[in-house]
2 protein chains.
Amino acid sequence: MSHYRLNYLQQIRDRGYRLTPQRALILDALCSLNGHATANQVYELIEAQAPAINRATVYRTLAFFCQLQMVSESQMNGATVYEIIQERPHHHLVCRLCGDVSLLEDHHLAELSQQLTQAHGFTADLNHLTISGICAGCQSGVGE
Amino acid sequence: MSHYRLNYLQQIRDRGYRLTPQRALILDALCSLNGHATANQVYELIEAQAPAINRATVYRTLAFFCQLQMVSESQMNGATVYEIIQERPHHHLVCRLCGDVSLLEDHHLAELSQQLTQAHGFTADLNHLTISGICAGCQSGVGE
DNA sequence: TTTGTTTTAGCAAATTTTTGCAATAACAAT
DNA sequence: ATTGTTATTGCAAAAATTTGCTAAAACAAA
Ligand SMILES: [Mn+2]
Ligand SMILES: [Mn+2]
Ligand SMILES: [Zn+2]
Ligand SMILES: [Zn+2]
C-alpha cells in the first residue's frame with residue numbers, strides 16, 4: 001500500500017512542482033490510513049507524529065494531489081474521503097440505507113468508458129467512482 | 001421545469017413528513033434556478049422574494065430532499081449543486097480542464113445499472129451522475 | 001374550532017473549509 | 001556554497017456548513 005513504487009514523489013518534481021516535506025507526509029499518511037481517509041484523519045495522523053503541519057496545508061495539498069490525479073476525492077456517507085490512486089483503478093457501491101461500502105471492479109466500467117469516447121470524444125477519469133443505491137442485504141429486508 | 005407535475009409537495013405528506021412553506025419555497029427556487037444551483041443561490045433567491053428563511057433551513061432542507069430522492073446533489077467544478085430529480089434521469093460529463101458541463105443521456109448507463117443488479121444485487125440510484133474527464137475540445141488542443 | 005403531540009424552523013454557537021498575505025524554503029543558476 | 005527567484009507554507013481572518021437547543025407551527029384527533 002505504499003505510494004513509493006508509484007514514484008509520486010519523483011513525479012511531483014517531474015511535473016514542475018516542488019517536493020516539500022508536507023507533501024511527502026500527506027502521501028505517507030494516506031498510505032498508512034489505507035484508503036478512504038478524511039482530511040481531518042490525515043491532519044491528526046501527521047500531527048501525532050510531527051506536530052508541525054497546518055490544517056490549511058492539508059486541505060490545499062489534498063486538492064493539489066487530486067488535480068494531479070495522484071489522489072481521488074469521493075463522497076462516502078456524507079464524508080469527503082481521499083485515497084491514493086493506484087495503477088489499477090477500483091470503485092465502490094455505497095448503500096444509502098445501511099452505509100455499506102463494497103468494491104466494484106474496474107472492468108464493470110470498461111463498456112461505459114468506451115461509449116463515452118465513441119459518442120462524445122470524452123476521456124473519462126474513472127479513477128474511483130462511487131455509486132449510491134441500495135445493497136442486496138437491504139433489499140431482502142436483512143438491513144432493517 | 002415545474003416540480004408540481006411531479007407531486008412532490010403531496011409526496012412529502014404521503015411519506016409521513018410535514019409540508020412547510022419553507023420546503024415549498026425551496027422546491028420552487030430550485031425550479032426557477034433551472035438545475036445545478038448552489039445552496040447559496042437557493043438562499044438568495046428566496047431571500048429576495050420572502051425575506052424570512054434561515055440558511056440552516058436551506059441546508060437541512062436540501063439534505064432532506066436528497067434523502068427523499070426528490071433532489072440530487074453533485075459536485076461540479078468545485079461547487080456542490082442541487083437539482084430537482086425529474087422522472088427521466090440525466091447525467092453529465094464535466095471537463096477537468098475547461099470546466100465544460102455536457103449532457104449524458106441516461107441510456108448510456110443502462111448496461112452498467114443492469115450489471116450492478118446482476119453481479120451485486122445492487123440497485124443503483126443513478127439519478128444524476130457526474131463523470132469527470134477531458135472533453136473532446138480540450139483533447140484536440142482547442143481548449144488551450 | 002380547539003387542543004395536544006411531534007416535527008420542523010430559527011437562532012446562536014461550533015465546526016469545517018477556504019482565502020489573502022507575508023515569511024519561508026525549494027530549487028536552479030551561479 | 002551562495003544567491004536569486006518563485007512556489008509553497010503558516011497564520012489569521014473569512015466564509016461555508018453543521019449542530020444543539022428552544023420556540024413555532026403542522027397536523028391529527030377531539
Ligand atoms: Mn476505494
Ligand atoms: Mn443536471
Ligand atoms: Zn444496505
Ligand atoms: Zn474541456
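Computed from a predicted structure; not experimentally measured.

A. Just the protein's contact with DNA strand D, in detail. Near DNA strand D there are 18 residues, and of these Gln22, Arg23 and Thr57 of chain A together with Leu19 and Tyr59 of chain B occur at the shortest range. Expressed as a percentage, the sugar and phosphate content of the atoms of DNA strand D within 4 Å of the protein is 69%. In the environment of DNA strand D, a base nitrogen lies 2.9 Å from a nitrogen or oxygen atom belonging to the side chain of Arg18 of chain B. A distance of 3.3 Å separates a base oxygen of DNA strand D from a polar atom in the side chain of Arg60 of chain B. Mapped onto the surface near DNA strand D, the elements with two or more residues apiece are α2 (21–33) and α4 (55–67) of chain A together with α4 (55–67) of chain B. Residues that form the surface near DNA strand D fall into these classes: eight nonpolar, four polar and six charged.

B. Focus on the coordination of the zinc ion (ligand 4). Residue and element names in this part refer to chain B. Distances from the zinc ion (ligand 4) to its protein donors, Cys95 (SG), Cys98 (SG), Cys135 (SG) and Cys138 (SG), fall within 2.2 to 2.3 Å. Coordination at the zinc ion (ligand 4) comes from four donor atoms whose angles at the metal span 108 to 112°, giving a geometry best classed as tetrahedral. Each donor residue of the zinc ion (ligand 4) belongs to the same chain, and together they define the spacing C-x2-C-x36-C-x2-C. In this pair, Cys95 is assigned in strand β3 (residues 90–95) and Cys138 in helix α6 (residues 136–139), connecting sequence segments 43 residues apart. The exposure classification of Cys95 matches that of Cys138, with both residues buried.

Cut-off values and rules
- Residues numbered from 1 in each chain as written.
- Chains lettered and ligands numbered in written order.
- Predicted model: local features only at pLDDT ≥ 70, side-chain atom pairs only at ≥ 80, totals over all residues.
- Heavy atoms only, no water.
- Near = heavy atom within 4 Å.
- Polar contact = N/O pair within 3.5 Å; in protein donor to acceptor, adjacent residues only side chain to side chain.
- Helix = DSSP H or I, 4+ residues; strand = E, 2+ residues; numbered from the N terminus.
- Nonpolar A, V, L, I, M, F, W, Y, C, P; charged D, E, K, R; others polar.
- Donors = N, O, S within 2.8 Å, 3.2 Å for Na, K, Ca; no water.
- Tetrahedral: all angles 85-135°; square planar, octahedral: opposite > 155°, others 65-115°.
- Buried < 20%, exposed > 50% of the residue type's maximum accessible area, 1.4 Å probe, protein only.

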